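# Observations on the model geometry
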Amino acid sequence: MTQRALDSSGEQTPGPSRPAMIDAGAELDPVHPMEPPPPPRRPDGLSTAEVAERVARGEVNDVPVRSSRSITEIVRANVLTRFNLIIGVLWVIMLFVAPIQDSLFGFVIVANTGIGIIQEWRAKRTLDSLAVIGEAKPTVRRDGVAAEISTSEIVLGDVIELGPGDKVVVDGTVAEADSLEIDESLLTGEADPVLKRAGDPVMSGSFVVAGGGAFTATKVGREAYAAQLAEEASRFTLVHSELRSGISTILKYVTWMMVPTAIGLIISQLVVKDNNFKDSVARTVGGIVPMIPEGLVLLTSVAFAIGVVRLGRKQCLVQELPAIEGLARVDVVCLDKTGTLTEGGMDVTEVRPLNGSDEAYVEEVLRSFGASDPRPNASLQAIIDAYPVDGEAAWTVTDAMPFSSARKYSGAAFTEADGTASAWLLGAPDVLLSEGDATLAEIEQLNEQGLRVLLLARVQGDDLDAPGAAAGAAPTALVVLEQRLRPDAGDTLAYFADQNVATKVISGDNAVSVGAVAGKLGLAGAENTLDARRLPTDPDEMATAMEQNAVFGRVTPQQKRDMVAALQSRGHTVAMTGDGVNDVLALKDADIGVSMGSGSEATRAVAQIVLLNNSFATLPSVVAEGRRVIGNITRVATLFLTKTVYSVLLAILVVCTQVEYPFLPRHLTLLATLTIGVPAFFLALAPNKERAQPHFVRRVMRYAIPSGVIAAAATFTTYLVARHHYTGEGALDAETSAATLTLFLVAMWVLAIIARPYTWWRIGLVAAMGLGFLIVLVVPWLQDFFALKLVGTTMPWTAVGIAVAAAALLEFVWRWVGRRFGV
């Protein structure tokens, strides 16, 4: 292997200056400038005694577990809310001034909060257990032995080995370098990989794109660069999604409406009306409590949390919770072929010598080439499997250049058995061969069959990574590889096509070969292939090319990133899947990044979703889960906000007409439980395959506002008619009962509309809620408990008639809104 990290005297060669790295580090700790890195430790790493000493001193990489927040934070988030505070104060007041049945709303809130805490705790346990399964274990040398350990067990001074795709988990100094190239773009913004030599600093959060080596940990735990940047951002969160931000916006508007209305209601009931004080307080509270959509945030949290648990059972780790929602909104999925459409492994099907080369000699070159790289990629591993080294290699490796996705080839130099020196390149034929070479036509035919072809070429000299090393390469042989298709990939592509989600296959391989593979899997438009080297650089032209083609080959890592940005510039919501280090930048920039569990550590670190079972077929489950959450929460939000609208309007009408508020808290607790609370819980967790649509707040309010207005108008009309109908003692109770009947029937019709399309269980749910209210009306002790008793026949039937008219108006309005706005 190459030893260019050291000069002829054995001294360390100083690395290139890295101003971007130094500035970034200084930003975090402006008081202490970055000190010169200490010399690397001995290659065999720390001893057991030294590790124990550092652990005792606390010099351990104790970064918080990703995707998890503590039980204390979960309890705080569910208990200490603005609306819980308001309801808590009102509950305490009611416990002193009214019967216990008027305080039921407080017990409901306690139960709801408990449910929220339990469900989120279950989600936390699922996330934490999956995070442990999916956690990459870096290879650390201790006592001269290399072994995989947990990232949290690394101590200061550990020697950590690096290979392609490995993430630098802590800050350190390079101790060994073998053509080590590290990408620091996620930290510094600098796109080009940096060649590292012994003594150069490395920062946590960067990752290896080529070569290998080892580094000594100089900063661990919260002192490491990436830990300081990402400690808060990487925790489990229920925010940063259109759904959550939309609900926050709604709650803000509700607060603005609620405060002045509640003040007016308090003045009206306590000052203007000279009633019994306790009864006035009870009716005032009865008017304020239903304005609060207290269960909406709970059900959203529960729906998300249960989604995490469901996906966890399918070995899908959701590292950022809103990714469930985000993938449901995706309209373009960019797939990396290798590891996504095909399995990681490949098989050598044929070796074709070129230009009269001896087949036995070519096989010896390939056998030695396989022995030159201690961390082979999938292509080289297939060659190693086909041409294993028996015993000691006959040829000596004098230099090696690992494969890089940027240059599309790898290299090795040897001293052959007879002492002859030779140097070779192995990689993409259309990169190593000049345009118009006759061999390319032969390769094209193989690519059209979906086969992958590598070119083995001999080069002059031994400087493999010189800028013009590939220019004079002499073609020696073609290595034909067959890729193993994932058996479930075809069904998954068909699912996305059925859901009107465009699929783009983006690969570093030959475009024709990739198109043939995609065609075998039934991808629509697989014949529309484009070589990325002919892709326009203008973002708008690139976006047009992306929309017109389905398969792209010879794509560089930076181009993948640009392609994602081009699609996003056209308003597309883009998901990117991949497992290789060359996918990291695109995964980071995509709206949703999806990584395979067997992918590189860097890929898993930046992805929002990790498929731990390495099955591309899990993606439809994630999409379905997201659609369930979004579609159902939209339904449930309409229920809750209809109640808020009619509660606010009823309070305003009461203030304007100077009458007693028609309801006690117990009446609205009963109504809210039967028409919102219980059915909303079932509806929020039901299957839902509707495609996610944007503008959550607008869509919900288009239905909730007219529904609330109709419900308030119908209820208040019944109340005013009842006030003229009933006189004498007990008249207010009779008026309240009639108004409650109308409001219940109208709210039930809103529930019946939202429950569509009907299934047996949805019909049963609506019927059960109606039966529950009927039982309250006919059972004497429940009549007394809820203060509900219909008096006479004229007024109750009038209340029913008004509710029927309101229901007919609701049907008309909902259908008009659907036609007018297409929602």
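Higher on the page you've got the structure.
Now for a look at the structure at hand. (Residues numbered from 1 in each chain as written. Predicted model: local features only at pLDDT ≥ 70, side-chain atom pairs only at ≥ 80, totals over all residues. Heavy atoms only, no water.)

### With respect to the overall build of the chain
Basically, it comes down to this: Each helix is a run of DSSP H or I of at least 4 residues and each strand a run of E of at least 2, with the numbering of both proceeding from the N terminus. Summary of the burial criterion: residues with accessible area below 20% of their type's maximum are buried, those above 50% are exposed, and those between are partly exposed, where the area comes from a 1.4 Å probe applied to protein chains only. A contact between two residues is defined here by any heavy atoms of the two lying within 4.5 Å. All accessibility values rest on the Shrake-Rupley procedure with a 1.4 Å probe; residue burial counts only the protein chains present in the view.
The number of helices and strands found in the chain is 28 helices and 21 strands. Residues classed as buried in the chain amount to 56% of the 823 residues present. For the chain, contacts bridging at least 24 residues in sequence account for 73% of all contacts bridging at least 6. When the accessible area of the chain is evaluated, it comes to approximately 33700 Å², of which 58% is carbon and sulfur surface.

### A look at the pattern of salt bridges
We count it as follows: For this document, the term salt bridge refers to a Lys or Arg side-chain nitrogen within 4 Å of an Asp or Glu carboxyl oxygen.
Per the counting criterion, the structure on display carries 23 salt bridges. A salt bridge links Arg 310 to Glu 625; the nearest nitrogen and oxygen atoms lie 3.5 Å apart. With Arg 310 in helix H10 (residues 294-313) and Glu 625 in helix H22 (residues 619-657), the pair connects residues that are 315 residues apart, well separated along the chain. Judged by relative accessible area, Arg 310 falls into the partly exposed class, the value being 30%. Among the charged side chains, a salt-bridge network with shared partners connects Asp 430, Asp 531, Arg 533 and Arg 554.

### As for the packing of aromatic side chains
To be explicit about the condition: Only centres within 6.5 Å qualify two rings of Phe, Tyr or Trp (six-membered ring in Trp) as a pair; their planes then separate them into stacked at under 30 degrees, edge-to-face at over 60, and tilted for everything else.
Following the criterion strictly, the structure yields 11 aromatic pairs and no others. Taking the centre distance of 4.3 Å and the plane angle of 25 degrees together, the rings of Tyr 703 and Trp 814 count as stacked. Linking Tyr 703 in helix H24 (residues 696-725) with Trp 814 in helix H28 (residues 794-821), this pair joins segments that are 111 residues apart in sequence. Both residues of the pair, Tyr 703 and Trp 814, count as buried. In textbook terms, an aromatic cluster arises when at least three aromatic residues are bridged by ring pairs, as seen for Tyr 361, Phe 369, Trp 395, Phe 414 and Trp 424.

### Some points on the side chain of Asp 336
To keep things clear, this is the line we draw: As used in this structure description, the phrase polar contact means that two N or O atoms lie within 3.5 Å; if the pair is within protein, one of them must be able to donate a hydrogen and the other to accept it, and residues adjacent in sequence are counted only when both atoms belong to side chains.
Position of Asp 336 among the secondary structure elements: in strand S9 (residues 332-336). A distance of 3.1 Å separates the side chain of Asp 336 from the side chain of Lys 560, its partner in a polar contact.

### So, the sheet that holds strand S18 (residues 551-553)
Picture the strands of a sheet paired through backbone hydrogen bonds; they go either parallel or antiparallel. As a reminder, the rule being used: Should DSSP find at least two bridges between two strands, the strands are regarded as paired. The axes used here are C-alpha line fits, helices contributing only the stretch in contact, and every angle between their N-to-C directions lies in the interval 0 to 180 degrees.
The mixed open sheet is built from eight strands, whose spatial order is S8-S21-S20-S19-S9-S16-S18-S17. Two strands in the sheet have a free side with no partner beyond their single neighbour: strand S8 (316-318) and strand S17 (529-531). Adjacent strand axes in the sheet meet at a mean angle of 20 degrees, parallel and antiparallel pairs treated alike. The sheet contact formed by S8 and strand S21 (residues 609-611) spans three bridges and is antiparallel.

### With respect to the packing of H10 against H22
We count it as follows: Note that the term roughly parallel is reserved for angles under 35 degrees, roughly antiparallel for angles over 145, roughly perpendicular for angles of 65 to 115, and oblique for everything else. Each crossing gets its hand from how the near helix is turned against the far one by less than a right angle, where anticlockwise is left-handed and clockwise is right-handed. When residue character is reported, Ala, Val, Leu, Ile, Met, Phe, Trp, Tyr, Cys and Pro are called nonpolar, Asp, Glu, Lys and Arg charged, and the others, Gly included, polar.
At a closest axis distance of 10 Å, the pairing of H10 and H22 adopts a crossing angle of 170 degrees. What the angle tells us is that H10 and H22 run roughly antiparallel. Crossing handedness for the pair H10 and H22: right-handed. Contacts from Glu 294, Gly 295, Leu 296, Leu 299, Thr 300, Ala 303, Phe 304, Gly 307, Arg 310 and Leu 311 of H10 reach H22 at Ser 621, Val 622, Glu 625, Arg 628, Val 629, Ile 633, Val 636, Ala 637, Phe 640 and Lys 643. Here the residues of the contact of H10 with H22 sort into 11 nonpolar, four polar and five charged.

### Observations concerning a nonpolar patch on the surface
The condition is simple: Patches in this entry comprise residues that are over 30% relatively accessible and not in a salt bridge; like charges within 9 Å are linked, as are nonpolar side chains (Val, Leu, Ile, Met, Phe, Trp, Tyr) within 5 Å.
A cluster of nonpolar residues, Ile 71, Val 75, Val 79, Leu 80 and Trp 121, forms a patch on the protein surface that exposes about 420 Å² of accessible area. Ranked by the residues each element gives to the nonpolar patch, the list is headed by helix H3 (residues 71-79), at three residues. With respect to the element layout, Val 75 can be found in helix H3. Judged by relative accessible area, Val 75 falls into the partly exposed class, the value being 32%.

### A closer look at the packing of H22 against H24
It is the contact of H22 with H24, at a shortest axis distance of 7 Å, that shows an interaxial angle of 40 degrees. Considering their axes alone, H22 and H24 lie oblique with respect to each other. Pair H22 / H24 crosses with right-handed handedness. A class-by-class count of the residues in the contact of H22 with H24 yields 19 nonpolar, seven polar and one charged.

### Describing the nonpolar core
Soluble globular proteins tend to pack their nonpolar side chains together in the buried interior. How we decide: Each nonpolar core is a collection of buried residues, namely Ala, Val, Leu, Ile, Met, Phe, Trp, Tyr and Cys, held together in the definition by side-chain atoms within 4.5 Å.
Counting 124 residues, the largest nonpolar core has Leu 327, Ile 609, Phe 616 and Phe 773 as the members making the most contacts within it. The dominant element in this core, judged by the number of residues it contributes, is H22, at 15 residues. What Ile 609 contacts, discounting residues up to four positions off in sequence, is Cys 316, Leu 317, Ala 323, Leu 327, Ile 592, Gly 593, Val 594, Ser 595 and Val 622.

### Side note on the pairing of strand S12 (residues 409-415)
Within S12, six of the seven residues are buried, which leaves it mostly tucked inside the rest of the structure. Of the pairings in the sheet, the one linking strand S11 (residues 396-404) to S12 comprises six bridges and is antiparallel in character. Paired with Val 397 across the strands is Phe 414, a residue of S12. Linkage of S11 to S12, two consecutive antiparallel strands, is achieved through a turn of four residues, within which Lys 408 is found at a positive phi near 75 degrees. Pairing between S12 and strand S13 (residues 421-427): seven bridges, direction antiparallel. Bridge pairing in S13 places Ala 413 opposite Ala 423. Between the antiparallel neighbours S12 and S13 lie five residues, among them Gly 419 with a positive phi of about 90 degrees.

### Quick look at the pairing of strand S16 (residues 502-506)
With respect to burial, S16 is a largely interior element, four of its five residues being buried. The sheet contact formed by S9 and S16 spans five bridges and is parallel. Residue Leu 335 lies in a different strand from S16, and its bridge partner there is Val 505. Summarising the sheet, S16 and S18 pair through two bridges and their orientation is parallel. Note on S18: the bridge partner recorded for Val 505 is Val 551.

### Let's talk about helix H17 (residues 511-520)
Counting buried positions along H17 yields seven of 10 residues, so the element is predominantly enclosed. For H17, the N-terminal capping position is held by Asn 510, with its side-chain oxygen 2.9 Å away from the main-chain nitrogen of Val 512. Two residues or fewer past H17, Gly 522 is found with a positive phi of approximately 85 degrees.

### A closer look at unusual backbone geometry
Following Arg 756, the chain continues to Pro 757 via a peptide bond in cis, the omega torsion being -5 degrees. With respect to the helices, strands and loops of the structure, Pro 757 is situated in the loop between helix H25 (731-754) and helix H26 (760-778). Phi angles above zero are rare outside glycine, and Asn 355 is one such case at about 55 degrees. Phi is positive for Arg 554, close to 55 degrees, though the residue is something other than glycine. Counting through the fold element by element, Arg 554 comes out in the loop between S18 and helix H19 (557-569).

### Let's talk about the environment of Ala 516
Locating Ala 516 in the fold gives a position in helix H17. Classification of Ala 516 by relative accessible area gives buried; the value is 16%. C-alpha separation for the pair Ala 516 and Gln 449, spaced 67 residues apart in sequence, amounts to 6.1 Å. Beyond its immediate stretch of four places on either side in the chain, Ala 516 contacts Asn 447, Glu 448, Gln 449 and Gly 450.

None of the figures reported here should be taken as evidence of function without further support.
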